[in-house]
Every structure is written in C-alpha cells, then in structure tokens.
Amino acid sequence: MNDDVETLAKTFRTLASARVKPHYLHQGDLALGTGHFRTSVARGQELMRALRGNLSGLCQPTYVLDIPGGHGKVPIGPGYLEPGADGAWTVTDPKGHTHPYEG
C-alpha cells in the first residue's frame, strides 16, 4: 500500500539509517494505466502532515508534483498558515488543531 503513514515513516527512517536522505515523495504521474497507484493530492497532503508530526527533518522528503508537459516539479505539501485580520495568522499543527499566531 502506498498511502499508509506507518509504512512511509518506516521506509523513510530505514533510508535515513542507511545514510540516504529521502529527497522527494512524488505525486503519481497521470500516465495511462497508472491510476491505481495514485492517491489524491489531498490524501498526499494528509500523509505529509502526519509524517511531519512523527519524523525528524532528516527523514522527511519534499512532496512534489511533476507538472505534465515538462514544466518541472513543484512542492505541494500541506499548508500550515492562513492569514487573518491585522497581521494575525492561524497555524494548523500536524494533528489538525488550529492555533492563533500574532506575527
């Protein structure tokens, strides 16, 4: 299964213990016949949010989407900040709880 937090965490920790930095976690390409391997972007962002709360920085890859047509890769990880009034922000922690941030 390719959309399980525990499996991904174990894989990334194993790579790091072998001195291999997990660099990218790719959103599945839109190639014909590969749809059964793909998760949704929303699910991928959920996975990355959960991994961020459980893995050291060394074990965390960057979640990316390779834009079709050869336009490159872009990070598509979860957002944690939402702007509010008067320069305030709402921060969402890895467990999905929100917190005010004045900054």
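So, a few notes on the structure that sits alongside this text. (Residues numbered from 1 in each chain as written. Predicted model: local features only at pLDDT ≥ 70, side-chain atom pairs only at ≥ 80, totals over all residues. Heavy atoms only, no water.)

**Re the sheet that holds strand β2 (residues 62–66)**
The criterion, for reference: Should DSSP find at least two bridges between two strands, the strands are taken to pair. Counting from the N terminus, the helices are DSSP H or I runs at least four residues long and the strands are E runs at least two residues long. To define axes, lines are fitted to C-alpha atoms, for helices over the stretch in contact only, and angles between the resulting N-to-C directions are given on a 0 to 180 degree scale.
Spatially, the 3 strands line up as an open sheet ordered β1-β2-β3, and their pairing is mixed. Two strands bound the open sheet, and with one partner strand each, they are β1 (24–26) and β3 (73–75). Across the sheet, the mean angle from the axis of one strand to that of its neighbour is 40 degrees, orientation sign disregarded.

**Describing the nonpolar core**
For soluble globular proteins, nonpolar side chains are generally found buried alongside one another. What counts, and what does not: Nonpolar cores were defined as sets of buried Ala, Val, Leu, Ile, Met, Phe, Trp, Tyr and Cys residues, with membership established by side-chain atoms within 4.5 Å. Per-residue accessibility, obtained with a 1.4 Å probe over protein chains only, is compared with the maximum for each type, and a residue is labelled buried under 20%, exposed over 50%, and partly exposed between these values. In this description, contact between two residues means that some pair of their heavy atoms is separated by no more than 4.5 Å.
Membership of the largest hydrophobic core comes to 13 residues, with the highest contact counts inside it found for Phe12, Leu51 and Leu55. Those elements that provide at least two residues to this core are α1 (5–17) and α2 (41–54). In terms of residues, this core owes the most to one element, α1, which gives 5 residues. Not counting residues within four places of it along the chain, the set of residues in contact with Phe12 comprises Pro22, Leu25, Leu51, Leu55, Cys59 and Pro61.

**Re the pattern of salt bridges**
A side chain with one charge can pair with a side chain of the opposite charge if their charged atoms come near. Our working rule: Salt bridge, as used here: a side-chain nitrogen of Lys or Arg that lies within 4 Å of a carboxyl oxygen of Asp or Glu.
Under the counting rule described, the total for this entry stands at 2 salt bridges. One salt bridge connects Arg43 with Asp3, and the closest N-O pair in it is separated by 3.9 Å. Of this pair, Arg43 sits in helix α2 while Asp3 sits in the segment before α1, and the two are 40 residues apart along the sequence. As a salt-bridge pair, Glu46 and Arg43 come within 3.3 Å of each other at their nearest N and O atoms. Taken together, the residues span about one helical turn, with Glu46 and Arg43 both in helix α2 at a distance of 3 residues. On the basis of relative accessible area, Glu46 is assigned to the partly exposed category, the value being 48%. Put simply, Asp3, Arg43 and Glu46 are held in one network by salt bridges that share partners.

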